[in-house]
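Chain by chain, the residues run as shown.
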Amino acid sequence: ESGSLGVRGSTLTRRPSPRSLNEVTVAGMVIHVKVADGRLKVEHDDAAKVSKTSGIPLREVVSQAEEAWRQRMQANPDTDNDPPSTDSSPTDSVS
């Protein structure tokens, strides 16, 4: 018997989470952060720019940005930080 050569594929549906774009300040410079579903993501390009300009290691810049966001949320717990409502229609992709 011989084996057959084939390729399998499937269709995936992607539903991006709604998120909001906010700003924090580290070393006197603005860093954008994305907030979605209780998660925080620091914009890498902003953090890298601050790191290069200030001489602070990138990991430390990211940590300081995350901490700045946590402190802001503790100081203003009633602030509306819910992401704006967006069209949640799925995006199809094939892999």
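Owing to the predicted nature of the structure, the values given are computational and were not obtained by experimental measurement.

## Side note on unusual backbone geometry
With a phi close to 55 degrees, Ala27 is a non-glycine residue in the positive phi region. With respect to the element layout, Ala27 can be found in the loop between strand S2 (20-26) and strand S3 (29-36). For Ala27, a relative accessible area of 43% gives the class partly exposed.

## Points about helix H1 (residues 44-54)
All buried positions along H1 are accounted for by Asp46, Ala47, Val50 and Ser51. Looking straight down H1, one finds its buried side chains confined to an arc of 135 degrees; they lie on one side. Residues of H1 that are exposed and point more than 90 degrees away from the buried face comprise Asp45, Lys49, Lys52 and Thr53. Each element contacted by the buried residues of H1 is listed here: S2, S3, strand S4 (39-42) and helix H2 (58-75). Phi for Gly55, located one or two positions after H1, is positive at around 85 degrees.

## With respect to H2
End to end, H2 covers 26 Å across 18 residues, agreeing with the expected 26 Å (1.5 Å per residue, within 8%). Within the span of H2, buried status applies to Val61, Ala65 and Trp69. Projected down its long axis, H2 carries its buried residues within an arc of 75 degrees, all on one side. Residues of H2 that are exposed and point over 90 degrees away from its buried face: Arg59, Gln74 and Ala75.

## A few points about the sheet that holds S3
Strand order in this open sheet of three strands is S2-S3-S4, and the pairing throughout is antiparallel. Every interior strand has two partners, whereas the edge strands, S2 and S4, have only one. When the angles between neighbouring strand axes are averaged without regard to direction, this sheet yields 35 degrees. Here four bridges tie S3 to S4, and the two strands are oriented antiparallel to one another. In the sheet register, Lys34 faces S4, and the bridge partner there is Lys41.

Cut-offs used in this document
Residues numbered from 1 in each chain as written. Predicted model: local features only at pLDDT ≥ 70, side-chain atom pairs only at ≥ 80, totals over all residues. Heavy atoms only, no water. Helix = DSSP H or I, 4+ residues; strand = E, 2+ residues; numbered from the N terminus. Buried < 20%, exposed > 50% of the residue type's maximum accessible area, 1.4 Å probe, protein only. Arc of directions from axis to C-beta. Contact = heavy atoms within 4.5 Å. Expected span 1.5 Å × (residues − 1). Pairing = 2+ DSSP bridges. Axes fitted to C-alpha atoms, helices over the stretch in contact; angles between N-to-C directions.

By themselves, these observations are geometric and do not establish any function.
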